[in-house]
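As a plain string of letters, each chain reads:
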Amino acid sequence: MADLLRLLLRVAEKAANVARVCRQEAPLFQLLVQEKTGDDKNKKFVQDFKTLADVVIQEMIRHDVGAQFPEMAGFIHGEESNKFENGLGECVTVTVCSTEEETAALLATVLGGDHTAASLLARAIHQDPATIAADTDGLAVPLSPSELGIWIDPIDATSQYIEGREEVLEEGRLFPSGLHCALVLIGVYLRSTGEPVMGVINQPFNYKDPAGGRWKGKHFWGVSCGSINVCSVSRPKDGPGAGLSVVLSSSEKPVVKDALTSLCGPDKLMFASGAGYKILCVIQGLADVYVLSEGSTFKWDSCAPHALLRALGGGVVDLNKCLQSSSGVQDPQIELTYHQPNTERKGAERWANHGGLVAYRDSSQLRSIIGPLKDKL
Ligand code: 2IP
Ligand code: CA
C-alpha cells in the first residue's frame, strides 16, 4: 500500500494547490470573501462558492483515488455532498470530468456563468503537482485496497481559511489562529475494525517563499499497521520536567478549562483553531494533549492525524468512554474508530465524535488528565 500513500500525498498537494489558487487568483478570491461585502442576494451564492472549493477538492481526491484503486471507490467519504443547487435553482452534481474544459464548463453552471473563475479552478484541479519529496522507499504495508476506506476533510478550519490571517510561524511555537491552521486531511481506516492505518496531512499555507512571496505548503504522513509504525514526523523529545501542556478549542467549556488550568498551570494551557491543527500540534510536540469535551468534531477531522499519532505510539480516545472505562487508558475500546455511523443520529451527526476526544502521544500523559476531569463532565 505504499502506492496508496504516494497517491494520497500527490492528491493532497493538488488539493493544497486548489486551496492556494482560490486565495491567490482575484476572480476566485472575490467569490471566497464576498460574504463580508456582498449583499443578501449573493449570500447563498457565496456560501455555495466556499463550499464549492471544499467539494471540488473532495471530488478531485475521490476521482483520483477511485481511478487508481477502483476497489475503494465506494468507501471514499467526505464532509461535503457534491450536489449543488445553483442560483437558478438547478441541481448540479459537481464531478471532475475527463478534460479540464469539461470540468470548467460544469463549474461555470455552479458559478453563475463566471467562466473566468471556473477556468482557473478547473486548471488547478487538472494540474499535476510538483513531485512530492517523501521518503516512502522500502515501505511495505500488508494491506489491500479492498480492506480500506478513506475519510477526506478537504479544508479543515474553513473559517481560518476564509479569514486568511497570515502568521510567520516560529519553530516550536503554537499559533492560535491564521491560515496555517487550515489543513487538507486524508485518513485511511480498516473497514473491518475502523482503526486508522494511514494518514496524510497537507498544510497549504506553511510559509511564504521569500523570493516570490507565494505560499508554500508542508506535508506530514504516517502509517500504523500491526508492527509497522512509520511517521514523517520524528517523535518529539519531551524536555526534562517540562510539565504537561494542553491545547483546547477556544469554545471549550469553562469547567474543563478550570480543571486543566489547575492541573498544568495557566501558562501550559493553549488555545488554537482547527480540530485537525490541534491534533497536528500534539503530533509535533507543540502540545502534549488536545482535550475536547464537545461532540463538535467528525471522523473526517480526526482520522488522518489519528493515524500519525498511532505511528508515534499515541492515539485519539473518546473522552466520555475514557472517563467511564473501568480499565482506564489501556482499554483499546476507547480509541476512536472510523467504520460505523451512530445510527441514532441523522446526516453528518452520524459521523460525529460524540463523546469528545483526547489526542495524545504518551498514554501516561493521557492518564494524568483523566483524574481532574473524572467528576467534572
Ligand atoms: C471544524 C474546524 C473547527 C473546529 C470544528 C471542526 O471543521 O476544525 O475549527 O472547531 O470542531 O469541525 P474549533 O476550531 O473550535 O476546534 P471545518 O472547519 O471543516 O468545519
Ligand atoms: Ca473539519
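The structure displayed is predicted, hence computed values, not measured ones. (Residues numbered from 1 in each chain as written. Chains lettered and ligands numbered in written order. Predicted model: local features only at pLDDT ≥ 70, side-chain atom pairs only at ≥ 80, totals over all residues. Heavy atoms only, no water.)

1. Remarks on the side chain of Q160
Let me state the cut-off plainly: Runs of H or I in DSSP of at least four residues are treated as helices and runs of E of at least two as strands, each being numbered from the N terminus. Throughout this description, a polar contact denotes any pair of N or O atoms lying within 3.5 Å of each other; where both atoms belong to protein, one of them has to be capable of donating a hydrogen while the other can accept it, and for residues adjacent in sequence the pair is counted only when both atoms sit in side chains. The contact criterion used is simple: two residues touch if any of their non-hydrogen atoms lie within 4.5 Å.
Locating Q160 in the fold gives a position in helix α6 (residues 158-163). From its side chain, Q160 meets the backbone nitrogen of G178 in a polar contact 2.9 Å long. Once residues lying within four places of it in the same chain are set aside, the contact partners of Q160 are R165, S177, G178, L179, C181 and S273.

2. Quick word on the coordination of the calcium ion (ligand 2)
In plain terms, the rule: Donor criterion used throughout: N, O or S atom within 2.8 Å of the metal, extended to 3.2 Å for Na, K and Ca. Water excluded; incomplete-looking sites may result. To sort residues, take the accessible area from a 1.4 Å probe on protein chains only and compare it with the maximum for the residue type: under 20% means buried, over 50% means exposed, and anything in between is partly exposed.
Taken together, the protein ligands of the calcium ion (ligand 2) are D153 (OD), D156 (OD) and D301 (OD), with distances of 2.1 to 2.3 Å. Sequence positions of the residues that donate to the calcium ion (ligand 2) give the spacing D-x2-D-x144-D. One end of the pair, D156, is in strand β4 (residues 148-156); the other, D301, is in helix α9 (residues 299-311), with 145 residues separating them in the sequence. We classify D156 as buried; its relative accessible area is 7%.

3. Observations concerning the packing of helix α8 (residues 275-284) against α9
Note the threshold: Inter-axis angles, ranging from 0 to 180 degrees, are taken between N-to-C directions of lines fitted to C-alpha atoms, where helices are fitted over the stretch in contact. Convention used here: angles under 35 degrees read as roughly parallel, angles over 145 as roughly antiparallel, angles from 65 to 115 as roughly perpendicular, and any remaining angle as oblique. Each residue receives one of three labels: charged for Asp, Glu, Lys and Arg, nonpolar for Ala, Val, Leu, Ile, Met, Phe, Trp, Tyr, Cys and Pro, and polar for the others, Gly being one of them.
Closest axis-to-axis distance for the α8/α9 pair is 9 Å, and the angle between their directions is 5°. As the angle between them shows, α8 and α9 are arranged roughly parallel. Between α8 and α9, the residues in contact are A275, G276, I279, V282 and I283 and D301, S302, P305, L308 and L309, respectively. Among the residues making up the contact of α8 with α9, the classes are represented as 7 nonpolar, 2 polar and 1 charged.

4. Re α8
Judged by how many residues are buried, α8 sits mostly within the fold: 9 of 10 residues are covered. Within the span of α8, buried status applies to A275, G276, Y277, K278, I279, L280, C281, V282 and I283. At the exit of α8 stands G285, carrying a positive phi of roughly 85°.

5. Things to note about the sheet that holds strand β12 (residues 315-318)
Where we set the bar: Any two strands between which DSSP finds at least two bridges are classified as paired.
Pairing in this open sheet of 5 strands is mixed, and the strands run β10-β9-β11-β13-β12 from one edge to the other. Both edges of this open sheet fall to β10 (269-271) and β12, since each of them pairs with a single strand only. On average, each strand axis in the sheet is tilted by 25° relative to the strand beside it, whichever way the strands run. Relative to strand β13 (residues 357-360), strand β11 (residues 289-292) runs antiparallel, the two sharing 4 bridges. When the sheet's bridge partners are listed, Y290 is paired in β13 with A359.

6. Quick word on the site of ligand 1
Put simply, the rule is: When we say a residue is near a molecule or strand, we mean one of its heavy atoms is within 4 Å of it.
For ligand 1, the set of nearby residues contains 15 residues, the closest of which are D156, S249, A275, K278 and S296. Between S249 and ligand 1, the recorded distance is 2.6 Å, taken from a side-chain N or O atom to an oxygen atom. A distance of 3.1 Å separates an oxygen atom of ligand 1 from a polar backbone atom of G274. Elements that contribute at least two residues to the shell around ligand 1 include exactly β4 and α8. Looking at the shell around ligand 1 element by element, the count peaks at 3 residues for β4. Along the lines of polarity and charge, the residues of the shell around ligand 1 split into 3 nonpolar, 7 polar and 5 charged.

7. Some thoughts on the nonpolar core
Note the cut-off: In this description, a nonpolar core means a group of buried Ala, Val, Leu, Ile, Met, Phe, Trp, Tyr and Cys residues linked to one another through side-chain atoms lying within 4.5 Å. The start and end points of each domain follow an automatic or database-based domain assignment.
One finds L4, L8 and V65 to be the most contacted residues of the largest nonpolar core, which totals 68 residues. Per-element accounting of this core gives the leading share, 13 residues, to helix α1 (residues 2-24). For this core, the two domains that each supply at least three residues are domain 1 (1-128) and domain 2 (147-159 + 180-377). Discounting residues that sit within four places of it in the chain, V65 has contacts with L4, L7, L8, M72, I76 and I150. If you look at the next biggest cluster of nonpolar residues, it comprises 41 residues, including C181, I201, M270 and A287.

8. Considerations on the environment of I132
Mapping I132 onto the fold places it in the loop between α5 (115-126) and β4. It is 39 Å that separates the C-alpha atoms of I132 and K321, two residues lying 189 residues apart in sequence. Non-local contacts of I132, meaning those with residues more than four positions away in its chain, are made with L9, R10, E13 and H219.

9. Some points on the domain arrangement of the protein chain
Operational definition: Whenever a carboxyl oxygen of Asp or Glu lies within 4 Å of a side-chain nitrogen of Lys or Arg, that contact is scored as a salt bridge.
The assigned domain composition of the protein chain is domain 1 (1-128) and domain 2 (147-159 + 180-377). The straight-line distance from the C-alpha centre of domain 1 to that of domain 2 is 27 Å. Here domain 1 is connected to domain 2 by 0 salt bridges. Taken together, domain 1 and domain 2 are joined by 10 residue pairs in polar contact (both at pLDDT 80 or more). For the side of domain 1 that touches domain 2, the secondary structure elements donating two or more residues are α1, α3 (40-68) and β1 (76-78). The element contributing the most residues to the side of domain 1 that touches domain 2 is α1, with 13 residues.

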